[in-house]
Amino acid sequence: MTNTKYEFKYASHPEDAKAYGTDELRSHFLLDNLFQDDFIKLTYSMYDRYVVGGIKPVNKDLQLETIPYFKSEFFLERREIGIINVGGTGTVIVDGTPYQLEKKEALYIGKGIKEVVFKADGNPLFYINSAPAHQSFPTKKVGKKSAEVIELGDSKYANKRILNKLIVSSIVSTCQLQMGITELVEGNVWNTMPVHTHERRMEAYFYFDLEAGQTVCHFMGQPQNTRHIFLENNQAVLSPEWSIHSGAGTSNYAFIWGMAGENLDYSDMDVCPPNLMK
Ligand SMILES: O=C(O)C(=O)C[C@H](O)C(=O)CO
Ligand SMILES: [Zn+2]
């Protein structure tokens with residue numbers, strides 16, 4: 001019996017998205033119920049064929065399975081995957097080799113690996129992103145000490161945050177995938193402000209470590225025609241290549257950003273000054 005639930009999301013044209021109301025915005029871009037006991041939950045999106053998912057092994061180990069959309073024998077036949085643990089310390093077995101991931105540690109697994117098993121020990125929550133891959137690169141764990149850490153923003157503007165680059169080209173060889181974690185410093189609420197777009201790459205944001213009862217208002221849309229979606233803890237949102245991706249929380253929080261597309265240049269961004277947004 002399959003341990004995987006999956007759904008499909010088409011890509012939206014920016015002119016169409018301008019007319020979306022709250023329900024349509026949520027149904028096209030919001031990804032929820034990522035963590036379901038003893039299931040792998042995947043969304044296959046038409047933004048660069050990016051897959052976003054959550055894996056919560058509780059009573060049994062969960063093996064990564066292919067899904068019908070791939071028409072492949074196994075998940076990583078023509079794909080690569082990035083995994084970040086946002087729960088208790090957990091273990092991922094990659095073709096027989098165990099990798100232990102503490103909270104906020106990452107694992108990259110390249111194209112061609114046949115067996116990936118998520119162990120049901122220690123209450124882990126594995127957040128995953130996957131993109132098509134044309135070449136095999138070695139599996140690599142990125143622990144806390146190997147991350148590239150940058151301080152961004154300023155408390156004066158309520159956007160002071162720590163950005164941890166985990167799966168980026170200076171640390172791990174990948175075909176398309178880039179992933180990392182940004183943590184808002186207490187008292188600060190704005191992420192990715194000033195906003196940017198990058199038509200060369202799509203992006204997905206996954207918000208976590210948000211205090212119970214609090215929320216993040218995620219801003220999307222073209223810089224001069226913005227929309228918002230309120231997100232709860234452990235929800236994700238797709239960001240099309242034409243869209244900004246920024247958020248303001250009612251408290252501080254952390255989020256995982258992941259991207260795929262034309263290049264592996266993290267700094268390739270078209271920034272829009274705050275006073276020019278509409
Ligand atoms: O806080 C930030 O700024 C970010 O985390 C930005 C993301 O990493 C991003 O959008 C990369 O393109
Ligand atoms: Zn971005």
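A quick note: this is a predicted structure, and the numbers were derived from the prediction, not measured. (Residues numbered from 1 in each chain as written. Chains lettered and ligands numbered in written order. Predicted model: local features only at pLDDT ≥ 70, side-chain atom pairs only at ≥ 80, totals over all residues.)

### Some points on the site of ligand 1
Lining the immediate environment of ligand 1, one finds Leu152, Arg161, Leu163, Thr182, Asn191, Thr192, Glu203, His245, Trp257, Met259 and Met269. Within the residue set of the shell around ligand 1, elements represented by two or more residues are strand 14 (161–167) and strand 23 (254–261). Grouping the constituent residues of the shell around ligand 1 by class yields 5 nonpolar, 4 polar and 2 charged. (Near = placed C-beta within 6 Å. Helix = DSSP H or I, 4+ residues; strand = E, 2+ residues; numbered from the N terminus. Nonpolar A, V, L, I, M, F, W, Y, C, P; charged D, E, K, R; others polar.)

### Structural notes on the UniProt feature "binding site: Zn(2+)" (unreviewed entry) in the chain
As recorded in UniProt, the sites labelled "binding site: Zn(2+)" (unreviewed entry) are His196, His198, Glu203 and His245. Spanning 50 residues, the named residues nonetheless gather at one spot, since no C-alpha pair among them exceeds 11.4 Å. Of note, His196 is situated in strand 17 (residues 195–197). C-beta crowding within 10 Å serves as the criterion here: with 16 such atoms nearby, His196 is assigned to the partly exposed category. Sequence-distant contacts of His196, defined by excluding residues within four places in its chain, comprise Ile244, Met269, Asp270, Val271 and Cys272. Positionally, His245 belongs in the loop between strand 21 (235–239) and strand 22 (246–249). For His245, a count of 25 C-beta atoms within 10 Å corresponds to the buried category. (UniProt positions renumbered as here; feature names shortened; annotations may be inferred. Buried ≥ 20, exposed ≤ 12 C-beta atoms within 10 Å, placed from the backbone. Contact = placed C-beta atoms within 7 Å.)

### Examining the domain arrangement of the chain
Taken domain by domain, the chain comprises domain 1 (4–23 + 32–142) and domain 2 (145–276). Between the C-alpha centres of domain 1 and domain 2 there is a distance of 19 Å. With 31 residues of domain 1 in contact, the opposing surface of domain 2 contributes 31 residues. Residue assignment for the side of domain 1 that touches domain 2 shows that the elements contributing at least two residues are helix 1 (14–17), strand 6 (79–85), strand 9 (106–109), strand 11 (126–132) and strand 12 (140–142). Per-class residue counts for the side of domain 1 that touches domain 2 are 18 nonpolar, 6 polar and 7 charged. (Domains from an automatic or database assignment.)

### Concerning the sheet that holds strand 5 (residues 62–63)
Spatially, the 4 strands line up as an open sheet ordered 5-10-7-8, and their pairing is antiparallel. At either margin of the open sheet sits one strand with a lone partner, and together these are strand 5 and strand 8 (97–101). Bridge analysis of strand 7 (residues 90–94) against strand 10 (residues 116–118) gives 3 bridges, and the strand direction is antiparallel. Looking at strand 10, one finds that Val94 is bridged to Val116. (Pairing = 2+ DSSP bridges.)

### Brief notes about the nonpolar core
It is characteristic of soluble globular proteins that their nonpolar side chains tend to be buried jointly. Grouped together as the largest cluster of nonpolar side chains are 69 residues, with contacts concentrated most on Ile84, Ala106, Ile167, Phe206 and Tyr207. Counting residues per element, this core draws most heavily on strand 18 (residues 201–208), which supplies 6 residues. Taken domain by domain, this core gets at least three of its residues from each of domain 1 (4–23 + 32–142) and domain 2 (145–276). Every residue in contact with Phe206, bar those within four places of it in the chain, is listed here: Tyr127, Ala236, Phe255 and Ile256. (Core = buried A, V, L, I, M, F, W, Y, C linked by C-beta atoms within 7 Å.)

### A word on the confidence of the model for the chain
With 100% of its residues at a pLDDT of 70 or more, the chain has an overall mean of 98. Interface predicted TM-score (ipTM) for the complex: 0.99; the corresponding pTM is 0.98. (pLDDT = per-residue confidence, 0-100.)

### Some remarks on the sheet that holds strand 12
Through backbone hydrogen bonds, the strands of a sheet pair up, either in parallel or in antiparallel fashion. If you walk across this open sheet you meet the 7 strands as 1-3-4-11-6-9-12, and the pairing is mixed. The two strands at the open ends of the sheet, each matched to only one other strand, are strand 1 (4–9) and strand 12. Looking at each pair of strands side by side, their axes are set apart by 15° on average, direction ignored. Direction of pairing for strand 3 (residues 39–45) relative to strand 4 (residues 51–56): antiparallel, over a ladder of 6 bridges. Within the sheet, the bridge partner assigned to Tyr44 lies in strand 4 and is Val51. (Axes fitted to C-alpha atoms, helices over the stretch in contact; angles between N-to-C directions.)

### Side note on unusual backbone geometry
A cis amide bond links Met193 to the next residue, Pro194, at an omega of 5°. Here Pro194 shows up in the loop between strand 16 (190–191) and strand 17. Positive phi is not limited to glycine here, since Asp48 has a value of about 55°. With respect to the helices and strands, Asp48 occurs in the loop between strand 3 and strand 4. Judged by the 19 C-beta atoms lying within 10 Å of it, Asp48 falls in the partly exposed class.

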